Amino acid sequence: MCTLAGAICLLAGYAGVADSQYLAEQTRYIVSGGIGGIFLLGVGATLWISADLRDEWRKLDRIERALGDGVLKWSDESVNGASHGTPPASVDITTEQAGLAHAANSRHHA
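Small disclaimer: the values here were computed from a predicted structure and weren't measured. (Residues numbered from 1 in each chain as written. Predicted model: local features only at pLDDT ≥ 70, side-chain atom pairs only at ≥ 80, totals over all residues. Heavy atoms only, no water.)

1. Here we look at the overall build of the chain
- Secondary structure summary: the chain contains 4 helices and 2 strands in total.
- When its helices and strands are written in sequence order, the chain yields α-α-β-α-β-α.
- Evaluated residue by residue, the chain yields a buried proportion of 15% over its 110 residues.
- The long-range share in the chain, meaning contacts at least 24 apart out of those at least 6 apart in sequence, stands at 63%.
- On the chain, roughly 8700 Å² of surface is accessible, and the fraction owed to carbon and sulfur atoms is 63%. (Helix = DSSP H or I, 4+ residues; strand = E, 2+ residues; numbered from the N terminus. Buried < 20%, exposed > 50% of the residue type's maximum accessible area, 1.4 Å probe, protein only. Contact = heavy atoms within 4.5 Å. Areas by Shrake-Rupley, 256 points an atom, 1.4 Å probe, with all protein chains shown as cover.)

See below:
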């Protein structure tokens, strides 16, 4: 919203400067439209980047939690049938873990 308001301020300031012939009249459009528009664009960009970083941190927290809990779980059948020295042949992945693995491999932002 701030980005849109900043763009509108810049356009209004430009239109005011373009219609004015005297430098004294142009100054008020430059100050109000130009500086105000740049400020609002900066606020909008900061909020946008902040929201994107918050999404990335949430994704990293989910991945870290999955790694801490153990992403793969052994099924009961494969553990009972296998000897203690060899790993089980089959592995069960829950739906949540599959989603986390997909999120870990995904390069697309949410």
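2. A word on the packing of helix 1 (residues 2-19) against helix 2 (residues 23-69)
- Axis separation between helix 1 and helix 2 bottoms out at 7 Å; the angle between their running directions is 160°. Relative to helix 2, the element helix 1 lies roughly antiparallel. When the axes of helix 1 and helix 2 are compared, the crossing they make is left-handed. Facing helix 1, whose interface residues are C2, T3, A5, G6, A7, C9, L10, G13, G16 and V17, helix 2 presents Q26, Y29, I30, G33, G34, G37, I38, L40, L41, V43, G44 and A45.
- Of the residues in the contact of helix 1 with helix 2, the class split is 13 nonpolar, 9 polar and no charged. (Axes fitted to C-alpha atoms, helices over the stretch in contact; angles between N-to-C directions. Parallel < 35°, antiparallel > 145°, perpendicular 65-115°, else oblique. Left-handed = near helix turned anticlockwise from the far one by under 90°. Nonpolar A, V, L, I, M, F, W, Y, C, P; charged D, E, K, R; others polar.)

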